[in-house]
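# Tertiary structure, described
Here are the chains, one letter per residue:
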Amino acid sequence: MPDLLIELFSEEIPARMQARAREDLKKRVTDGLVDAGLTYRSAGAFSTPRRLALAVEGLSAQSPTTREERKGPRTDAPEAALEGFLRSTGLTRDQLEARDDKKGQVWFATIVKPGRPAAGIVAEVLEATIRNFPWPKSMRWGSGSLRWVRPLHSILCLLSDESGAAVVPLEIDGIRAGNTTRGHRFMAPDEIAVSGFEDYAAKLRRARVMLDSAEREAAIRQEAANLAFARGWEIVPDEGLLTEVAGLVEWPVPLMGAIEDRFLTLPPEVLQTSMKEHQKFFSARNPRTGRIEGFVTVANIETPDHGETILKGNQRVLAARLSDAAFFWDNDLREARAGMADWAEGLKSVTFQSKLGSQADRIARIAALAREIAPLVGADADQAEQAAKIAKLDLRSAMVGEFPELQGIMGRYYALEAGLPEPVADAARDHYSPLGPSDAVPSAPVSVAVALADKLDTLTGFWAIDEKPTGSKDPFALRRAALGVIRLVLVNGVRANLGRTFAKASPDAAAADLIAFFHDRLKVHLRDQGIRHDIIDAVLAMPGNDDLVLLVNRATALNDVLKTEDGTNLLQGLKRAGNILAQAEEKDGVEYSFGADPKFSETDEERALFAALDKAEPAIREAVRLEDFQAATQGIASLRAPIDAFFEAVQINTDNQITRRNRLNLLSRIREAGRLIADFGRIEG
């Protein structure tokens with residue numbers, strides 16, 4: 001069975017596109033081969049800035065011969081029907097076979113498709129893949145019609161086995177497939193002939209190309225750490241930057257430099273962001289001082305002076321960038337120390353949303369709401385209001401204008417320079433959090449109050465103007481804001497009635513609809529925590545479903561008890577009781593919910609169930625009142641044995657109507673005991 005090697009060699013592929021391109025190449029080619037009848041043992045895709053490569057091992061030498069029988073029209077059908085059938089099969093009349101069918105004689109066609117050599121199939125699949133490749137952006141060049149992310153220079157396409165390697169015959173827009181590639185653009189630019197994947201990978205390495213992006217990442221990580229360690233520093237982790245830089249070089253050569261002393265007074269976030277965004281440098285921190293004091297740049301070439309010239313050039317460019325940052329910082333500090341009044345005034349002319357006013361209007365709403373929320377989270381109301389008023393002022397700063405990703409972070413620095421209390425400054429930094437499911441959740445009371453107010457103002461405001469998420473579209477990130485509120489509430493144990501809080505934020509927001517939206521986001525959040533959707537539905541049906549902490553406590557306790565054998569069997573008993581009751585109430589036209597009396601009991605099992613309910617119900621009610629749902633669910637689980645025994649020994653629908661009514665009312669007590677905790681009828685199983 002031959003192996004297949006493909007390389008598409010081009011000008012530089014943007015780093016952000018490479019990972020997706022690797023997967024697309026692998027999927028489209030292997031899917032096409034399989035659809036054509038070929039099988040393979042394994043496949044791996046690789047990328048560098050100048051090439052996409054695919055290695056397929058154990059490919060079938062040819063596709064199998066197939067036979068397909070197709071039923072056609074009756075033999076006495078109109079001629080036009082027969083002609084249409086012949087066209088669809090590609091056969092002639094004399095190749096058809098008449099067979100008896102239950103409705104008479106029918107034409108049958110046997111279509112034989114002989115197997116094809118792998119080379120022809122590979123050529124077709126690869127051409128279709130290249131011509132229809134899903135680049136986010138592509139271009140044409142020269143006079144051809146082919147589109148690629150950057151001009152495509154060559155195609156390597158080989159089938160190799162024990163007898164040798166053969167080029168797959170293929171030509172696309174004048175580019176003919178061959179068995180050659182090229183190494184590093186500067187250190188080994190000549191053509192290299194290869195005979196298979198192992199030969200290809202080995203010769204590329206000798207030609208200063210690391211084919212595997214994971215290997216390049218590992219090499220950069222290790223060498224950067226070694227360089228930092230030698231100076232007593234440590235590299236600030238940044239996996240996203242590591243992946244990007246590995247996509248910019250074919251032969252990574254990390255080089256370490258030091259930041260000039262005059263820039264070391266800049267906040268570390270400014271240094272790190274400036275170096276990352278403008279230069280693609282990794283930051284090096286001095287653990288003794290906590291400052292960013294150095295950087296690692298990754299060259300794509302080995303030089304006789306061991307990168308000294310490259311490093312000097314990079315340091316000159318970095319100095320210019322950091323000089324700009326220092327200028328912004330100095331100007332911003334003067335404004336911060338003056339009280340930031342000009343920034344506050346400037347936000348009056350910045351529109352937040354045409355129907356929701358300016359950023360200044362929004363800040364006023366958030367400040368009022370933060371004061372209302374403060375008692376719920378144990379925050380000082382004055383500090384919460386003050387923090388909300390200054391939290392977004394850094395949007396007018398020069399530094400955030402240059403680096404928008406530093407909003408909030410710079411706000412904390414400016415608040416401290418303005419002489420504001422540390423909790424207020426921390427809230428300026430933290431009020432955007434959490435931004436995603438993995439982001440840290442603020443815990444300081446003032447930060448929590450402002451973060452909640454910020455997100456609730458956004459949600460109620462857009463709900464009030466009927467700008468809600470639809471389908472997959474959520475242009476204002478309202479789902480993320482709702483998840484942020486949920487995480488803030490649950491992590492900090494905030495006990496709040498959502499409906500009343502929404503009304504304080506915006507009386508015009510449709511509170512019931514917004515609560516339903518929160519319930520949907522809560523379901524997603526709890527499913528990620530391993531709680532089943534039907535259990536969530538069961539607790540959402542209970543009173544107090546706009547108290548998220550109460551909801552989650554109920555759902556967690558119920559989820560835990562239903563994982564046990566007692567819980568599973570109890571669920572069956574509760575559902576059985578509910579089903580029997582529902583059928584009887586529908587048949588009799590009455591509700592059985594009162595009057596069960598142990599004096600009408602005829603069996604020991606009935607009397608035992610009465611006694612168990614008399615003992616369990618008060619304990620469950622008290623546990624629910626105290627919101628001790630673990631105790632409440634354990635109390636309901638204690639009914640498992642008497643309920644099982646009751647159903648084993650007792651016939652509900654007896655001829656004695658007094659006994660029947662009493663037993664149905666006893667079932668009602670079982671149902672109501674369960675309803676103290678959740679609507680068990682909504683739980684599957």
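That block above? That's the structure.
Okay, so let's go over this structure. Note that this is a predicted model, so its numbers are computed, not measured. (Residues numbered from 1 in each chain as written. Predicted model: local features only at pLDDT ≥ 70, side-chain atom pairs only at ≥ 80, totals over all residues. Heavy atoms only, no water.)

## Quick look at the sheet that holds strand S7 (residues 152-161)
- What the 5 strands build is an open sheet, ordered S2-S3-S1-S7-S8; its pairing is antiparallel. Looking along the sheet, the strands with just one partner apiece sit at the ends: strand S2 (42-48) and strand S8 (164-167). Mean inter-strand twist for the sheet, computed between neighbouring axes without regard to direction, equals 15 degrees.
- As paired elements, strand S1 (residues 3-10) and S7 share 8 bridges and run antiparallel to each other. Directly across from Leu4, in S7, lies its bridge partner Leu159.
- The strands touched by helix H3 (residues 118-131) are S1 and S7; relative to S7, the strand with the most contacts, the crossing angle is about 155 degrees.
- Against the sheet, helix H4 (residues 197-206) contacts S1, S2, strand S3 (51-57) and S7, and its axis sits at roughly 145 degrees relative to S3. (Pairing = 2+ DSSP bridges. Helix = DSSP H or I, 4+ residues; strand = E, 2+ residues; numbered from the N terminus. Axes fitted to C-alpha atoms, helices over the stretch in contact; angles between N-to-C directions. Contact = heavy atoms within 4.5 Å.)

## Re the pattern of salt bridges
- Across all of its chains, the model carries 58 salt bridges by this definition.
- Residues Arg669 and Asp614 are paired through a salt bridge, measuring 2.8 Å at the closest nitrogen-oxygen approach. In this pair, Arg669 is assigned in helix H25 (residues 657-675) and Asp614 in helix H22 (residues 604-625), connecting sequence segments 55 residues apart.
- Its relative accessible area of 17% is what places Arg669 among the buried residues.
- Among the ionic contacts, a cluster of salt bridges with common partners joins Arg362, Arg365, Lys392, Asp454 and Asp457. (Salt bridge = Lys/Arg side-chain N within 4 Å of Asp/Glu carboxyl O. Buried < 20%, exposed > 50% of the residue type's maximum accessible area, 1.4 Å probe, protein only.)

## Considering the layout of surface pockets
- Size it by volume and the largest pocket reaches roughly 480 Å³.
- The wall of the largest pocket is formed by 19 residues, among which Arg362, Tyr432, Asp454, Thr458 and Arg480 lie closest to the centre.
- Among the secondary structure elements, those contributing two or more residues to the lining of the largest pocket are strand S17 (351-353), helix H10 (359-377), helix H15 (445-464) and helix H16 (478-492).
- Sorting elements by how many residues they give to the lining of the largest pocket places H15 first, with 4 residues.
- Grouping the constituent residues of the lining of the largest pocket by class yields 10 nonpolar, 4 polar and 5 charged. (1 Å grid on protein atoms, 1.4 Å probe; cavity = no way out; pocket = protein on both sides within 12 Å on 5 of 7 lines; lining within 4 Å. Points joined across faces, edges and corners; volume = space filled by probe spheres on them. Nonpolar A, V, L, I, M, F, W, Y, C, P; charged D, E, K, R; others polar.)

## A closer look at the packing of aromatic side chains
- If you walk through the whole model with that rule in mind, you get 15 aromatic pairs.
- Pairing Phe281 with Phe295 gives two aromatic rings, centres 4.7 Å apart and planes at 10 degrees, and the pair type is stacked. In this pair, Phe281 is assigned in the loop between helix H7 (268-279) and strand S15 (282-285) and Phe295 in strand S16 (residues 292-299), connecting sequence segments 14 residues apart. Judged on exposure class, the residue Phe281 and its partner Phe295 are both buried.
- Over the face of the ring belonging to Phe108 we find Arg99, whose NZ or CZ atom lies 4.5 Å from the ring centre.
- Positioned above the aromatic ring of Phe352 is the side chain of Arg362, whose terminal nitrogen or guanidinium carbon lies 4.4 Å from the ring centre. (Phe/Tyr/Trp six-rings, centres within 6.5 Å; stacked < 30°, edge-to-face > 60°. Lys NZ or Arg CZ within 6 Å of the ring centre and 35° of its normal.)

## Notes on the pairing of strand S6 (residues 104-113)
- Here strand S4 (residues 66-74) runs beside S6; their pairing, made up of 7 bridges, is antiparallel. Bridging across to S6, Glu69 finds its partner in Thr110.
- The turn linking strand S5 (residues 97-101) back onto S6 is made up of 2 residues.

## Quick notes on the sheet that holds strand S14 (residues 253-258)
- One open sheet holds the 4 strands; their spatial order is S13-S15-S16-S14, and the pairing between them is antiparallel. Of all the strands in the sheet, just strand S13 (234-235) and S14 have a single pairing partner and so form its edges.
- Pairing analysis gives 2 bridges linking S13 to S15, with the strands arranged antiparallel. Each residue of the ladder has a partner; that of Ile235, found in S15, is Ala284.

## Quick notes on the environment of Val400
- Relative to the helices and strands, Val400 is located in helix H12 (residues 398-402).
- Considering only alpha carbons, one finds Val400 and Ala538, 138 residues apart in sequence, at a separation of 47 Å.
- Those residues in contact with Val400, other than ones at most four positions away along the chain, are Asp394, Leu395, Leu406, Gln407 and Met410.

## Quick word on the side chain of Asn286
- You can see Asn286 is positioned in the loop between S15 and S16.
- In this structure the side chain of Asn286 is engaged in a polar contact, spanning 3.1 Å, whose partner is the side chain of Glu293.
- Once residues within four sequence positions are removed from consideration, Asn286 is found in contact with Gly232, Trp233, Arg291 and Glu293. (Polar contact = N/O pair within 3.5 Å; in protein donor to acceptor, adjacent residues only side chain to side chain.)

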